[in-house]
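# A closer look at the structure
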Amino acid sequence: MAEKLVWGIMGAANIAIQKVVPGMLKDASSTVRGFASRDATKAAAASEHFGLATSYGSYEALLEDPEIEAVYIPLPNHLHVPWSLKALAAGKHVLCEKPIALDADEAAQLVAAREKSGRQVLEAFMVRQHPQWLRVREIAASGEIGDVALMQTTLSYYNVDPNNVRNKADIGGGALYDVGCYAVLLSRFVFGSEPLRAVALVDRDPVLETDRLTGAILDFGDGRQLSFATSTQLVPFQRTQILGSRGRIEVPVSLNAPQGETTAVVVDLTGAIDGSGIRTETIAACDQYTLQTAAAVRIFRGEEQPEFPIEDAVLNMRAIDALYRSGRSGGWETI
Ligand SMILES: NC(=O)c1ccc[n+]([C@@H]2O[C@H](COP(=O)([O-])OP(=O)(O)OC[C@H]3O[C@@H](n4cnc5c(N)ncnc54)[C@H](OP(=O)(O)O)[C@@H]3O)[C@@H](O)[C@H]2O)c1
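Source: prediction; values computed, not measured.

## A few points about the domain arrangement of the protein chain
Domain boundaries assigned for the protein chain yield domain 1 (5–126 + 291–304) and domain 2 (130–286 + 317–334). Each of domain 1 and domain 2 was reduced to a C-alpha centroid, and the two centroids are 26 Å apart. In this complex, domain 1 contributes 18 residues to the contact, which on the side of domain 2 involves 17 residues. Between domain 1 and domain 2, the buried area comes to about 1,600 Å², and carbon and sulfur atoms account for 59% of it. Contact with domain 2 buries area across many residues of domain 1, yet Ala 104, Phe 125 and Met 126 alone supply 31% of it, more than any other trio. At the boundary of domain 1 with domain 2, the tally comes to two salt bridges. Salt-bridge contacts for Arg 318 lead to Asp 105; the nearest nitrogen and oxygen are separated by 3.5 Å. Taken together, the connections running from domain 1 to domain 2 amount to eight residue pairs in polar contact (both at pLDDT 80 or more). Looking at the side of domain 1 that touches domain 2, the elements with two or more residues in it are helix H1 (14–25) and helix H5 (104–117).

Below you can see the structure in the form of C-alpha cells.
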C-alpha cells in the first residue's frame, strides 16, 4: 500500500476536534501531522489531545512544513477561499469546509488556482460520501418511487450565542450558509441537475443580523422542486422527504448521522396514510468523515477523478447567492 497521505489541520475548530479528525484518524490511507492555530498553546493542546507530536503557532507555519501534503480547513466561512488559495499556492491539496465561499464569484477563484497549482481543492460535504445518501440517490434514480418531483427538507437547531461563528453576520454566519447549503446540495445530488430559479423568505435576527429562519423554493424545471426551511433559532430537527408519483423516501437524520453507527432510510411505496406500508432499510455502520477523508486521498493521489470537483461548489454557491438575493428582492431570482 502507498504511504499514508500527511494532513495538517488549519485551526483548532470544534468540528475538527469533535468529528473530522477522529474520522481522519480511522482512515488507513491518512496520517494527521498536527494542528495549526493562531494561538500556539491552543495548537499544542489540540495536537496533544490526539497524541500528535507536531503543532504550529500560525497557519503560515503549517503551510511552510514540507511534510504536509494536504490541509483540512475548518475556518469561519469568510476565510475559506483566502486560506485555500494560500494552501494551493504552497503546493498543498485542500479539503475545505462548507460553504466553500461567501458567494459564487469568490468560489470561482479556486478553479483558476487549482489549475495553476496542479493540486486539488474539494468542498467538505461529507453527506455525499454517506451510504445513506448514495442509497437515496440510487432509489430515486431507479424509478421505484415513480417520477421524483418534490424534495422537502427541514434543518434547524437553536443557538443564540453571539460569539459563535454561525451568529456573526460579517464572517458568513446565518442559517442558509450554515445548513441551508446542505439542502441545496442534496437536492442537486438527488435530482442530478441544476436549479433554474430561486425564491426565499428570510427572517433576520434584529441584533445578530444573521438569517435565523429562511424558507425557500428552488425550481429545477420539469415540475421538480426543492422546498426547504432552515433555522438557527428553532428546536433541533433534521429531516428530508423525497416524493415521487408512486412512493416516498424519508431520511430521518439528514446530516448528523452518528459516527460509527447505523442509519435508516425509510421507503413507502404504499402511500398508506397511517404509515403502515413503510419499509426501513438499515444502512451499515460507518463514519462519514472517515469516508470523506478516504475519498479525498484517492483524488489527491490521482487514483480517482472527483465526481464533484470545485466547479460543483461554485454551482452550489450560485443557488445560495440567488436565495440571498431573493430574500432582499422578495421575488424569484434566476440562478
Ligand atoms: N461538515 C460538518 O459536519 C460541519 C459541522 C460544523 C461546522 N462545519 C464548518 O466548519 C467551519 C468551522 O465551524 P466550527 O463550528 O468548528 O467553528 P469554530 O469552532 O468556531 O472553529 C473555527 C476556527 O477558526 C479559527 N479562526 C480563525 N479566524 C477566526 C475568527 N475570526 N473567528 C473565529 N474563529 C476563527 C479558530 O481557530 P484557531 O483559534 O485555532 O486559529 C477557530 O477555532 C465552518 O465553516 C462550518 O460551516 C462543518
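Following the structure, the description resumes.
## Examining the packing of helix H6 (residues 131–142) against helix H7 (residues 175–191)
Relative orientation of the contacting elements H6 and H7 amounts to 45 degrees, with a least axis distance of 9 Å. Our classification of the angle between H6 and H7 gives oblique. Across the interface between the two elements, Trp 133, Leu 134, Val 136, Arg 137 and Ala 140 of H6 pack against Leu 186, Phe 189 and Val 190 of H7. Taken together, the residues that form the contact of H6 with H7 break down as seven nonpolar, no polar and one charged.

The rules behind each value
Residues numbered from 1 in each chain as written. Predicted model: local features only at pLDDT ≥ 70, side-chain atom pairs only at ≥ 80, totals over all residues. Heavy atoms only, no water. Domains from an automatic or database assignment. Contact = heavy atoms within 4.5 Å. Buried area = accessible area lost by both parts, 1.4 Å probe. Salt bridge = Lys/Arg side-chain N within 4 Å of Asp/Glu carboxyl O. Polar contact = N/O pair within 3.5 Å; in protein donor to acceptor, adjacent residues only side chain to side chain. Helix = DSSP H or I, 4+ residues; strand = E, 2+ residues; numbered from the N terminus. Axes fitted to C-alpha atoms, helices over the stretch in contact; angles between N-to-C directions. Parallel < 35°, antiparallel > 145°, perpendicular 65-115°, else oblique. Nonpolar A, V, L, I, M, F, W, Y, C, P; charged D, E, K, R; others polar.

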